[in-house]
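Here are the chains, one letter per residue:
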Protein chains: 2
Amino acid sequence: MSTSGTPRRPTIMEVARLAGVSHQTVSRYLRSEGGLKESTRERVGAAVRELGYRPNLIARSMRTRRTGRLAVLLPGLGSFSPDRMLVGAIAAARAAGFAVEVQSVDGGSGARAERVLELADSGQVEGILSLAPVVHEGDRMPAGEVPVVVCAGYDDQMRGIGELADGSVVADLVAGLAAVGHRRFLHVSGSLRFASARGRKETFLRTVERLGLESHGVVDGDWSAESGRDAVRSLAEDSGVTAVIAANDVVAAGVVRGALERGWGVPDDLSVTGWDNNPVGAYLSPALTTVDVDRERLGRDAMERLVASVRGAEPALSDGPLNRIVWRESTGPVPPRSR
Amino acid sequence: MSTSGTPRRPTIMEVARLAGVSHQTVSRYLRSEGGLKESTRERVGAAVRELGYRPNLIARSMRTRRTGRLAVLLPGLGSFSPDRMLVGAIAAARAAGFAVEVQSVDGGSGARAERVLELADSGQVEGILSLAPVVHEGDRMPAGEVPVVVCAGYDDQMRGIGELADGSVVADLVAGLAAVGHRRFLHVSGSLRFASARGRKETFLRTVERLGLESHGVVDGDWSAESGRDAVRSLAEDSGVTAVIAANDVVAAGVVRGALERGWGVPDDLSVTGWDNNPVGAYLSPALTTVDVDRERLGRDAMERLVASVRGAEPALSDGPLNRIVWRESTGPVPPRSR
DNA sequence: CCACAAAAAGTGAACGTTCACTATTTCTCC
DNA sequence: GGAGAAATAGTGAACGTTCACTTTTTGTGG
């Protein structure tokens, strides 16, 4: 316990005095700018350590007009759960030397657009990453200064990462089922306000066409189990559908339930796939075939794009598989007599 | 598009000039400090609007030595998923006028303790909320200046909120099962580094004792399905256990699986309860009895404690039920012949 | 109408750093 | 060893706000 009231933190000036140099030299030392004689560097370093000096980042921000802070926007409500993505995004930001300010915005993509503008305008952050859709009305785009990256959003910016990667796996899913005889498919999509939902839907349709299969169509859902259950309920008895690609595991759980309620066996009469690898899905009966997504990497990649954009550089995106199909019991060969 | 390069933002000085007052008067206006003549207030307001002036919060921070920012620490890895809590915490912080900086820390509680110290020391945040355990080695507690609240942590600070509330529901769960005849219970806990896991365990033991029931003991798990499955596997044939309280839904799914594998019916031979209300749990067979937790409120309450602590006030915590038992198919009356 | 108090407004410095210069020291080469 | 260049170090101002005062204006009672 020190005896004085508040033990004011030492400043660059005090370090300079102790080291016997000018404050500017200390400043250079702190920015590790080079151009310091070895002996000087050591003296300053010793002074810094002796005083326990730590730079005042706010004062620095004030002078440099850079905050070293990026904002991440989270959807406030709803089933979309960005946890792992957030962790990945934060890790990437930290690795790049940025702090992350997180905001969560209730309401739809319009509300988020408002917040994006507000943030861009505040001068508090150097870039903005939104993990949910953002729609800008008319010309009210954010001022040119602050880059914005939207993940799972309307913007096309993520197309190179999320959508295509997503897509290829939907294609694999369909192809894998086709390989065991399935010909007629149904897709229950997620909320189409999400790029991920749109991407999966489009890829589904493209793949079915490309492989010469039949689509019984797409039911536009909302990521809920109920939407999956309803989709199966409203299927005609003679629809001929033998495989359902659900938007995620929760929807798939609803599809399975709906099928069982109609007396259809899964996978004996109907194969069902999910998405997300919800740990509980492995314990459904039948255990759910699903897609394990490296959400952390998804967030990391998005953040890397943002950082690159802030710095005016090219993003260095990671490679390797982002999604991995986990085949389990809810999928199987097509039934002998197609229903 | 303006013709100049960067359209520097207007400062308080320019507002003052336009309004024909001193910069100090503008400053007073901005802080809505009162003591301004109505006519003056209007003139300044008009100038602010005309210039589109927005205060430079960094400059303000520099002078006031307050950042208006709180930090939230997230566990980097592991099954613990703080998403809804984070959303709640952020909402509460925003309502109180604070921005939130989120950090995620890989590694154990020791690593988090390091980060807490680093943050407390940085002068960048006025308070720290950790959503995962933090253990301080020896005397290296954070400097007195910056309040720290640990949610789901070793600290006793949350006891009034999380643990007791949790506890009461475990008691209800056990009592509910006892009411339909169960006498001998097993608890599969979560990782005991989490206060929530410890709280549920303690309450389980206390309740069993209080109601004059029998505990077959507690298996210390790690929130994983495997730990639940193992717990059931290693149960003696004649253990007499008819009800298992699992730490969460994933563990419960493992317990159910383990029971079915041994040929025990759920709930005919064994009742199983989970925790978290994982949406997929409703579609397990049997559908999982679980506890629906208002995680958002959990986060909000924790943040409210932090804000109160920063301001030296008493926290205004919300009331109403935090947890709600959802009875489903995985629980039922005790089997006629107790195994 | 004046003395005095209270209210309103103004003045200059300070917060802790970096920027844009200038001054000094050190090195290199003939 | 000395001129010139390069490396190193120093000086003062500036970033945009609020703090701690001081000055001016307005209001009040005798």
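Residues numbered from 1 in each chain as written. Chains lettered and ligands numbered in written order. Predicted model: local features only at pLDDT ≥ 70, side-chain atom pairs only at ≥ 80, totals over all residues. Heavy atoms only, no water.

The next thing to look at is the pairing of strand β7 (residues 243-246) of chain B. Residue and element names in this part refer to chain B. With burial as the criterion, each face of β7 is covered, one bearing A243 and I245 and the other bearing V244 and A246. Bridge count between strand β5 (residues 184-189) and β7: four bridges; the pairing is parallel. Of the residues in β7, the one forming a bridge with F185 is A243. Looking at chain direction, β7 and strand β8 (residues 271-273) are connected through three bridges and run parallel. Within β8, the position partnered with V244 by the bridge is V272. This β-α-β element, β7 to helix α10 (residues 249-261) to β8, shows right-handed connectivity. (Buried < 20%, exposed > 50% of the residue type's maximum accessible area, 1.4 Å probe, protein only. Helix = DSSP H or I, 4+ residues; strand = E, 2+ residues; numbered from the N terminus. Pairing = 2+ DSSP bridges. Right-handed = clockwise from strand over helix to strand, strands pointing away.)

Looking now at helix α2 (residues 23-30) of chain B. Residue and element names in this part refer to chain B. Within α2, the full set of buried residues consists of T25, V26 and S27. Elements in contact with the buried residues of α2: α1 (12-19) and α3 (38-51). S32 occupies a position one or two residues after α2 and carries a positive phi of about 40°. (Contact = heavy atoms within 4.5 Å.)

Put simply, V266(B) and P267(B) share a cis peptide bond, and its omega is 10°. Mapped onto the fold, P267(B) is located in the loop between α10 and β8. Going from S285(B) to P286(B), the amide bond is cis rather than trans, its omega being 0°. Looking at the element boundaries, P286(B) is found in the loop between β8 and β9 (290-293). One non-glycine residue, R65(A), adopts positive backbone phi at about 60°.

Residue position: E101(B) is located in strand β2 (residues 99-105). Of the side chains bearing the opposite charge, R69(A) lies closest to the buried E101(B), which forms no salt bridge; the N-O distance is 4.4 Å. At 2.9 Å, the side chain of E101(B) and the side chain of Q103(B) are in polar contact. Not counting residues within four places of it along the chain, the set of residues in contact with E101(B) comprises R69(A), A99(A), V100(A), E101(A), R69(B), L70(B), A71(B), V72(B), L119(B) and V125(B). (Lys, Arg positive; Asp, Glu negative; His and termini not counted. Salt bridge = Lys/Arg side-chain N within 4 Å of Asp/Glu carboxyl O. Polar contact = N/O pair within 3.5 Å; in protein donor to acceptor, adjacent residues only side chain to side chain.)

Let us look at the packing of α1(B) against α2(B). Residues and elements named next belong to chain B. One way to put it is that α1 packs onto α2 with a least axis distance of 8 Å and a crossing angle of 105°. When the axis of α1 is compared with that of α2, the two are roughly perpendicular. Along the contact surface, α1 presents I12, M13, V15 and A16, while α2 presents H23, V26, S27 and L30. Residues that form the contact of α1 with α2 fall into these classes: six nonpolar, two polar and no charged. (Axes fitted to C-alpha atoms, helices over the stretch in contact; angles between N-to-C directions. Parallel < 35°, antiparallel > 145°, perpendicular 65-115°, else oblique. Nonpolar A, V, L, I, M, F, W, Y, C, P; charged D, E, K, R; others polar.)

A separate point is the nonpolar core. Within the largest apolar cluster, 78 residues are counted, with the highest numbers of intra-cluster contacts made by L129(A), M303(A), L129(B) and M303(B). With near-sequence residues (within four places) excluded, M303(A) lies in contact with L70(A), V72(A), A89(A), A92(A), A93(A), V100(A) and L129(A). By size, the runner-up hydrophobic cluster in this structure holds 57 residues, among which are A231(A), W223(B), V255(B) and A259(B). (Core = buried A, V, L, I, M, F, W, Y, C linked by side-chain atoms within 4.5 Å.)

Turning to the interface of chain A and chain B, a few remarks are in order. With 51 residues of chain A at the interface, the matching set in chain B holds 51 residues. Summing both partners gives a buried area of about 4400 Å² for chain A against chain B, and 53% of it is carried by carbon and sulfur. For the salt bridge of E118(B) with R94(A), the shortest nitrogen-to-oxygen distance reads 3.7 Å. Applying the counting rule to chain A against chain B returns 14 residue pairs in polar contact (both at pLDDT 80 or more). When contributions to the side of chain A that touches chain B are tallied by element, the ones reaching two or more residues are α4 (57-64), β1 (69-75), α5 (83-95), β2 (99-105), α6 (109-122), α9 (225-233) and α10 (249-261) of chain A. (Buried area = accessible area lost by both parts, 1.4 Å probe.)

Attention now goes to the sheet that holds strand β5 (residues 184-189) of chain A. All names here are of chain A. In space, the four strands of this open sheet follow the order β6-β5-β7-β8, with parallel pairing throughout. What marks the edges here is a single partner per strand, and that holds for β6 (214-220) and β8 (271-273). Averaged over all pairs of adjacent strands, the angle between their axes in this sheet comes to 15°, without regard to strand direction.

Before going further, it helps to spend a moment on the protein's contact with DNA strand C. Residues in close proximity to DNA strand C total 29 residues, the closest being Q24(A), S27(A), Y53(A), T40(B) and R65(B). Counting only the atoms of DNA strand C within 4 Å of the protein, the fraction contributed by sugar and phosphate is 55%. A distance of 3.0 Å separates a base nitrogen of DNA strand C from a polar atom in the side chain of R28(B). The side chain of R63(B) places a nitrogen or oxygen atom 2.9 Å from a base nitrogen of DNA strand C. Put simply, the parts of the chain that give the surface near DNA strand C at least two residues each are α1 (12-19), α2 (23-30) and α4 of chain A together with α2 and α4 (57-64) of chain B. When the residues that make up the surface near DNA strand C are grouped by side-chain class, the tally is eight nonpolar, 12 polar and nine charged. (Near = heavy atom within 4 Å.)

Let us now look at the protein's contact with DNA strand D. In the region of DNA strand D, 28 residues are neighbours, and T40(A), R65(A), Q24(B), S27(B) and Y53(B) sit closest. Atoms of DNA strand D within 4 Å of the protein: sugar and phosphate make up 54%, bases the balance. H23(A) places a side-chain nitrogen or oxygen 3.0 Å from a base oxygen of DNA strand D. R31(B) places a polar side-chain atom, nitrogen or oxygen, 2.7 Å from a phosphate oxygen of DNA strand D. Contributions of two or more residues to the surface near DNA strand D are made by α2 and α4 of chain A together with α1, α2 and α4 of chain B. Of the residues that constitute the surface near DNA strand D, the class distribution is eight nonpolar, 12 polar and eight charged.

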